Amino acid sequence: MTSVYLDYNASGLVRPEVLKATTEALADNGNPSAVHAAGRRQRARIESARAEVAALVGADPQGIVFSSGGTESNGQAMISAIRSGFERLILSATEHPCVAEAAAMSGCEVVVVPVDGRGIVSLDALEKALQAGGKAFVAIHHANNESGVIQPVEGIAERVRAHDGWLHIDAVQSAGKIPVNMAELGCDTLTLSAHKLGGPQGVGCLIAGPRATVHKVIFGSSQERGMRAGTENGPGLAGFGAAAAVSRAELEAGRDHSAWRDAAAERLKAHGAVVAGDGVARLPNTLFVSTPGWSSMAQLMALDLDGVMVSGGSACSSGKAKPSTAMVAMGLDDLATSTIRVSGGWGTSESDWIRFADVWEAAFLKHRARHAEPEAV
């Protein structure tokens, strides 16, 4: 039985180009701070990766601070803003846990802006929060990691700029799946993660625009222009650069996923399943769907036993009996424990989505038969 991997929002399968670039860098793994030939070669790979990552999101390569991933970079953006005098933190109700928990532990005033039933941030509530006064750091993800719902970042940016705030965009899920341009979004800082693009795990970056002052959070030496100490992960960054380059080249092809996803969704909806964010802009690769009366864990196990790999929502909560944060924030508490997330990527074909729908439908019919009410005698 051939397995089908549909959990790219958790971690994309490593691209062949990435494997090649990473392996070559590992085989020639000089310290990029060294002045000898091996060190210079590794430095060249890192700076090439910097240029490729910048090109993916229309950013200045000099604004990039490489890191261990999106979690570290989101934290560095927040800490930098606080050290720069931004004493109020405003975030959406569906932010990634690494943002929400960092805000809660910051000691600053935290304002959580609600989302509507479709998962879209309330612009009126955001405006009210900004009008309350104080220098505000606003953290909004470009696309939700569970539902794939895309936020109206340009409109958010206008409001934040009008109040002289700092807008931070977590683009970990959106980059490489939809066009992302830092200048067009109007944000001050933005984060990316390599493994969401089919790159290696444990590599990411913070990108700062001209209005943002980045502060070091890992101390020691002067790597990354003094913004992050520690020997750079040359092989990982070589892979990051390769993933960014291929993702940018294949961006248009990713649009095909929406038709495949929607065809599968219609089959599930015919059995009473509810699609989160249905009818609003979402990532083309993401289906977040709930089936009343059928737990997330039961669905995951049924699909996995038949070779289809999906998740119950955020990978940070996988394996835990916790309601979906996105569903609760959208006011869909009754569906929050019966939701699965299906997400394709560079290695996904239309037949994979069909296979998922086939397996899900067969499992659902068995579930319904087991739980059918006995006929009255």
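Preceding this section is the structure that the text describes.
On a predicted model such as this, the values are computed, not experimentally measured, just so you know. (Residues numbered from 1 in each chain as written. Predicted model: local features only at pLDDT ≥ 70, side-chain atom pairs only at ≥ 80, totals over all residues. Heavy atoms only, no water.)

Chemist: Any chance you could explain the pattern of salt bridges here in plain terms?
Modeler: Once the charged atoms of two side chains with opposite charge are near each other, the side chains can pair. Counted under the stated rule, the structure contains 23 salt bridges. Where glutamate 47 meets arginine 43, a salt bridge forms, and the shortest distance between an N and an O atom there is 3.1 Å. Of this pair, glutamate 47 and arginine 43 both sit in helix H2 (residues 37-56), separated by four residues, roughly a single helical turn. With relative accessibility at 32%, the residue glutamate 47 sits in the partly exposed group. The exposure class assigned to arginine 43 is partly exposed, which follows from its relative accessible area of 23%. Note that lysine 269 and aspartate 278 form a salt bridge whose closest N and O atoms lie 2.9 Å from each other. Given the relative accessible area of 38%, aspartate 278 is considered partly exposed. Among the charged side chains, a salt-bridge network with shared partners connects Arg43, Glu47, Arg50, Glu224 and Glu232. (Salt bridge = Lys/Arg side-chain N within 4 Å of Asp/Glu carboxyl O. Helix = DSSP H or I, 4+ residues; strand = E, 2+ residues; numbered from the N terminus. Buried < 20%, exposed > 50% of the residue type's maximum accessible area, 1.4 Å probe, protein only.)

Chemist: Got a minute to help me understand the sheet that holds strand S2 (residues 64-67) in this structure?
Modeler: Pairing between the strands of a sheet comes from backbone hydrogen bonds, and it takes one of two forms, parallel or antiparallel. Read across the sheet, seven strands follow the order S2-S8-S7-S6-S5-S3-S4 without closing on themselves; strand pairing throughout is mixed. One side of each edge strand has no neighbouring strand; the edge strands of this open sheet are S2 and strand S4 (109-113). Strand-to-strand, the axes of this sheet are offset by a mean angle of 20°, without reference to chain direction. Where strand S3 (residues 88-92) and strand S5 (residues 136-141) come together, four bridges link them in parallel fashion. Within the sheet, the bridge partner assigned to arginine 88 lies in S5 and is alanine 136. Those strands touched by H2 are S2, strand S7 (189-193) and strand S8 (204-208), and its axis lies near 115° from that of S2. With respect to the sheet, helix H3 (residues 70-83) is in contact with S2, S3, S5, strand S6 (166-170), S7 and S8, its orientation differing from that of S6 by roughly 175°. (Pairing = 2+ DSSP bridges. Axes fitted to C-alpha atoms, helices over the stretch in contact; angles between N-to-C directions. Contact = heavy atoms within 4.5 Å.)

Chemist: What am I meant to see in the sheet that holds strand S10 (residues 286-290) here?
Modeler: Pairing is antiparallel across the open sheet formed by three strands, whose spatial order is S9-S10-S12. Whereas interior strands pair on both sides, the edge strands pair on one side only; in this sheet they are strand S9 (274-275) and strand S12 (339-343). Alignment of S10 against S12, held across five bridges, turns out to be antiparallel. Bridge pairing in S12 links leucine 287 to valine 342. The strands that helix H9 (residues 256-269) touches are S9 and S10; relative to S10, the one it contacts most, it runs at about 5°.

Chemist: Sorry, what's going on with the nonpolar core here?
Modeler: Buried together is how nonpolar side chains tend to be arranged in soluble globular proteins. Grouped together as the largest cluster of nonpolar side chains are 57 residues, with contacts concentrated most on Phe66, Val138, Leu167, Leu190, Leu192, Ile207 and Phe240. Looking at this core element by element, the count peaks at six residues for helix H8 (residues 234-249). Not counting chain neighbours up to four residues away, the residues in contact with phenylalanine 240 comprise Val53, Phe66, Leu192, Ser193, Ala194, Leu197, Pro200, Val203, Gly204 and Cys205. One finds Val4, Ala265, Trp294 and Val359 within the second-largest nonpolar core, a separate group that totals 23 residues. (Core = buried A, V, L, I, M, F, W, Y, C linked by side-chain atoms within 4.5 Å.)

Chemist: Got a minute to help me understand helix H10 (residues 296-305) in this structure?
Modeler: Note: α-helices contain 3.6 residues per turn, so residues at a spacing of three or four share the same orientation. For H10, the set of buried residues is Ser296, Gln299, Leu300 and Leu303. Take H10 and look down its axis: the buried residues cluster within an arc of 100°, on one side only. Tucked inside the fold, the buried residues of H10 contact strand S11 (308-309), S12 and helix H12 (350-370). Positioned one or two residues after H10, glycine 307 has a phi angle of 85°, which is positive. (Arc of directions from axis to C-beta.)

Chemist: Explain the side chain of lysine 177 here, please?
Modeler: Relative to the elements of secondary structure, lysine 177 occurs in the loop between S6 and helix H7 (182-185). With no salt bridge to any partner, buried lysine 177 finds its closest opposite charge in aspartate 7, at an N-O distance of 9.4 Å. Within the structure, lysine 177 has its side chain in polar contact with the side chain of asparagine 9 (distance 2.9 Å). A distance of 2.7 Å separates the side chain of lysine 177 from the side chain of glutamine 173, its partner in a polar contact. (Lys, Arg positive; Asp, Glu negative; His and termini not counted. Polar contact = N/O pair within 3.5 Å; in protein donor to acceptor, adjacent residues only side chain to side chain.)

Chemist: What is the right way to look at unusual backbone geometry in this model?
Modeler: Trans is the prevailing form of peptide bonds, just as negative phi is the prevailing case for residues other than glycine. Phi is positive for glutamate 224, which is not a glycine, with a value near 50°. With respect to the helices, strands and loops of the structure, glutamate 224 is situated in the loop between S8 and H8.

Chemist: How should H2 be read in this particular structure?
Modeler: Relative to the 28 Å expected for 20 residues at 1.5 Å per residue, H2 spans 29 Å between its end C-alpha atoms, a close match to the ideal helical length. Residues of H2 that are buried: Gly39, Gln42, Ile46, Ala49, Arg50, Val53, Ala54 and Leu56. Along the axis of H2, the buried residues cluster in a sector spanning 155°; they form a single face. (Expected span 1.5 Å × (residues − 1).)

Chemist: Any chance you could explain the packing of aromatic side chains here in plain terms?
Modeler: Working definition: an aromatic ring pair is given by the centre-to-centre distance plus the angle between the planes. Under the defined criterion, the tally for this structure stands at eight aromatic pairs. Their ring planes at 55° and their centres at 5.8 Å tell us that tryptophan 294 and phenylalanine 364 sit as a pair that is tilted. With tryptophan 294 in the loop between S10 and H10 and phenylalanine 364 in helix H12, this pair connects stretches of sequence that are 70 residues apart. There is no split in this pair, since tryptophan 294 and phenylalanine 364 are both buried. Of the aromatic side chains, those joined through ring pairs into one cluster are Phe86, Phe137 and Trp166. (Phe/Tyr/Trp six-rings, centres within 6.5 Å; stacked < 30°, edge-to-face > 60°.)

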